[in-house]
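Chain by chain, the residues run as shown.
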Amino acid sequence: TQDLVRAVAAVTPEYAKQKRMGRTASLARVFQSFRIVVNQEDKVLQEALSVMCPTLLRPGGRLAVLSYHSMEDRATKRIMRDGTLHPTPETYEKDIYGNLL
C-alpha cells in the first residue's frame, strides 16, 4: 500500500488549485478503482439490477438506488431505461435531431 501511495505521490501535487487534482483525491480514485475491480462491483450491480430486482419487486413497485460515482449512476440509469447494460441499435441514445450520441 505504501509503495502505491509513494508512486502516486511522485506524480501528483500535494495540494492543487482544483479540488480533484490533489494527492488525496488522486489516491482516493486509485484505491476506489482497485476496490471496484477486486470486488467485481460492476458485475454485482448488473446482476442486482437486471436479475434480482425484477424478481423481488412487485408490479408497480418502486426501487431506490444510491450511487456513489458515475459508473454506478450510468449503469443504473441504463438498466432502468433499457432493461440492460448492453444497448442495442434500437436503444442507442439520440439527441433531439435523431443523431446518435
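Up top is the structure.
S.K.: Looking at this structure, how should I read the overall build of the chain?
M.R.: Check the secondary structure of the chain and you find 4 helices and 0 strands. Taken along its principal axes, the extent of the C-alpha atoms in the chain is 50 × 40 × 20 Å. A buried classification covers 17% of the 101 residues belonging to the chain. Restricting to contacts in the chain with at least 6 residues of sequence separation, those with at least 24 account for 34%. For the chain, the accessible area works out to roughly 8400 Å², and carbon and sulfur atoms hold 57% of it. In the chain, 15 positive and 11 negative side-chain charges are present, and the distance between their average locations comes to 6 Å.

S.K.: Any chance you could explain the pattern of salt bridges here in plain terms?
M.R.: Between side chains of opposite charge, a pair can form when the charged atoms approach closely. On inspection of all chains with the given rule, the structure shows 3 salt bridges. Two residues, arginine 6 and aspartate 3, come together in a salt bridge whose shortest N-O distance is 2.6 Å. You can see arginine 6 and its partner aspartate 3 sitting in helix 1 (residues 2-11), 3 residues apart, about one turn around the helix. Lysine 77 is the partner of aspartate 73 in a salt bridge, and the nearest nitrogen-oxygen pair spans 3.2 Å.

S.K.: What is the right way to look at unusual backbone geometry in this model?
M.R.: One non-glycine residue, glutamine 40, adopts positive backbone phi at about 50°. Mapped onto the fold, glutamine 40 is located in the loop between helix 2 (23-38) and helix 3 (41-56). A relative accessible area of 43% means that glutamine 40 is categorised as partly exposed.

Reading the values: rules and limits
- Residues numbered from 1 in each chain as written.
- Predicted model: local features only at pLDDT ≥ 70, side-chain atom pairs only at ≥ 80, totals over all residues.
- Heavy atoms only, no water.
- Helix = DSSP H or I, 4+ residues; strand = E, 2+ residues; numbered from the N terminus.
- Buried < 20%, exposed > 50% of the residue type's maximum accessible area, 1.4 Å probe, protein only.
- Contact = heavy atoms within 4.5 Å.
- Areas by Shrake-Rupley, 256 points an atom, 1.4 Å probe, with all protein chains shown as cover.
- Lys, Arg positive; Asp, Glu negative; His and termini not counted.
- Charge placed at Lys NZ, Arg CZ, Asp CG, Glu CD.
- Salt bridge = Lys/Arg side-chain N within 4 Å of Asp/Glu carboxyl O.

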